[in-house]
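Now for the letters of each chain:
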Amino acid sequence: MSKARELAQKPNQPTGRKNLIINGAMNVAQRGTSQIGVGYNAGYFDAPDRYIFNNISQAVFDLSQAADAPDGFAYSYKLDCTTADTSLAADHEINLSQRFEGQDFQHIKKGTSDALPMTLSFWVKSGKTGTYIVEIKDTDNTRTISKSYTVNSANTWEKKSVTFVGDTSGALDTDKNLSLFVSWWVSAGSNYNSGTLETSWASQTNANRAVGQVNFADNTSNNWLLTGVQLEVGSVDTEFEHRSYGEELALCQRYYYQWLNTTTADAHGLHVIGMFTSTRGFWGLTTPVAMRATPSITKIGTVSLRTPGLGADGTVNSWSVYTLDEESNQLSIDTAVTGGTANVYRNVTPASSTGGYKLEAEL
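Predicted model, so just to flag it, every value in this text is computed and none were measured.

## Topic: the sheet that holds strand 14 (residues 256-260)
Adjacent strands of a sheet form backbone hydrogen bonds with each other and so pair up, either parallel or antiparallel. Reading across the sheet, the three strands line up as 14-22-17 and stay open at both edges, with antiparallel pairing between neighbours. In this open sheet, the two strands that pair with only one neighbour each are strand 14 and strand 17 (296-300). Adjacent strand axes in the sheet meet at a mean angle of 15° when their direction is disregarded. Relative to strand 22 (residues 356-360), strand 14 runs antiparallel, the two sharing five bridges. Its bridge partner lying in strand 22, W259 is registered against Y357.

Shown next as structure tokens:
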């Protein structure tokens, strides 16, 4: 096929970073690589970054960054059902999603007469064959569109591709807040599958969101794995856009960043803190990239204040972000301390080989 003909058959394909998904190859897992026993809960877990797992059911899952992937990929996001839910309640739902800022999707021209289609492609492997649903939801205007795909062979990697038409109604907000998300459903109660699958954009009707979805959670032998995820403008799926680990990590760190002391306990000071009183001090933190919004900061393990050569002088109780220049990556950290000394400088030092902090600005 000539280059001109190939381009003609692939309209609306952007140049530059075409894949709107972050961490589509599941290479980045800052929080950790596995989380055991996730029951009725929703959140970001120890598994690949940027994917939120929503389990509103009685089933229990082990989540992981699995070294099981099709050729060309190293990792996948794995759901391993360890406690089954064979009879889903009406309001039960289990899905995996990625959320997006509105300002990053202005080029799809949503809400205009020139709205563009998007194509989602991915690799999936499941022990449960049958029909599955992927959905895009516009949270600014409460509009949804769903598509089905079929797992044909159990425990076999299969590539899937679905195209979502452009939406001429409901423009997305131009800001850093949640406007859109993509969800891969694996189980759905009757509240979500009792209507007619909404394959065109429409105001959200829950009964139409996941019609036909199998109950993946009905057997503890079931696993579901996802990788090679790409969302791009246009009606044709193109070759997966592989990015370097460094590029992908930086994109993830806009939403989550953690630092852990991986050497021996008290090996070195993490930061220098100025103590204004014996119970409160401030220290400066520079993150690798500017975060999406003012992050929360959480202490990991035990963190002490120390004077080089003199030992501990106080223990950190909690942290909060006092100031944030949202155009840069400079933070000021307000620190609550027990047993400190006023009007001195100390090193902020993890008191264990796994101590540190995490910053979260997820959508």
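## A look at the packing of aromatic side chains
The full count for this structure, using the stated rule, is 15 aromatic pairs. Pairing F73 with F240 gives two aromatic rings, centres 5.0 Å apart and planes at 70°, and the pair type is edge-to-face. One end of the pair, F73, is in the loop between strand 4 (60-66) and strand 5 (76-83); the other, F240, is in the loop between strand 13 (223-233) and helix 3 (245-253), with 167 residues separating them in the sequence. Each member of the pair, F73 as well as F240, carries the same accessibility label: buried. Three or more aromatic residues joined by ring pairs form one cluster here, namely F122, Y132, Y149 and W184. Lying across the ring of Y256, R31 places its NZ or CZ 3.8 Å from the centre. The ring of W201 carries the charged tip of K110 above its face, separated from the ring centre by 4.9 Å.

## Some words on the pairing of strand 9 (residues 143-151)
The buried count for strand 9 comes to seven of nine residues, which makes it a mostly enclosed element. Relative to strand 9, strand 8 (residues 130-138) runs antiparallel, the two being bridged by nine bridges. Note on strand 9: the bridge partner recorded for E135 is S146. If you look at the hairpin formed by strand 8 and strand 9, you'll find four residues sitting between the two strands, and T142 has a positive phi there, around 55°. Pairing analysis gives two bridges linking strand 9 to strand 12 (residues 202-203), with the strands arranged antiparallel. The residue of strand 12 that forms the bridge with T144 is A202.

## A closer look at the sheet that holds strand 6 (residues 93-101)
In space, the seven strands of this open sheet follow the order 2-3-6-11-8-9-12, with antiparallel pairing throughout. Among the strands making up the open sheet, the edge pair consists of strand 2 (41-43) and strand 12. Relative to strand 11 (residues 178-188), strand 8 runs antiparallel, the two being bridged by five bridges. What sits directly across from E135, in strand 11, is S183.

## Quick notes on the environment of M118
Note on placement: M118 falls in strand 7 (residues 118-126). On the basis of relative accessible area, M118 is assigned to the buried category, the value being 4%. Contacts of M118, omitting those with residues within four sequence positions, involve L20, F105, I108, I136, V162, T163, F164, L180, L231, E232, V233 and G234.

## Details of unusual backbone geometry
The phi angle at N23 is positive, at roughly 65°, despite the residue not being glycine. Although it is not a glycine, M26 adopts a positive phi angle of roughly 60°. In this structure, M26 sits in the loop between helix 1 (3-8) and strand 1 (34-38).

## A look at the pattern of salt bridges
Applying the stated criterion to the full structure yields 16 salt bridges. D313 is paired through a salt bridge with R346; the nearest N and O atoms lie 2.7 Å apart. You can see D313 sitting in strand 19 (residues 311-324) and its partner R346 sitting in strand 21 (residues 344-350), a full 33 residues away along the chain. Here D313 and R346 have matching classes, each one buried. Through salt bridges with shared partners, one network takes in R31, R50, E360 and E362.

The rules behind each value
Residues numbered from 1 in each chain as written. Predicted model: local features only at pLDDT ≥ 70, side-chain atom pairs only at ≥ 80, totals over all residues. Heavy atoms only, no water. Pairing = 2+ DSSP bridges. Helix = DSSP H or I, 4+ residues; strand = E, 2+ residues; numbered from the N terminus. Axes fitted to C-alpha atoms, helices over the stretch in contact; angles between N-to-C directions. Phe/Tyr/Trp six-rings, centres within 6.5 Å; stacked < 30°, edge-to-face > 60°. Buried < 20%, exposed > 50% of the residue type's maximum accessible area, 1.4 Å probe, protein only. Lys NZ or Arg CZ within 6 Å of the ring centre and 35° of its normal. Contact = heavy atoms within 4.5 Å. Salt bridge = Lys/Arg side-chain N within 4 Å of Asp/Glu carboxyl O.

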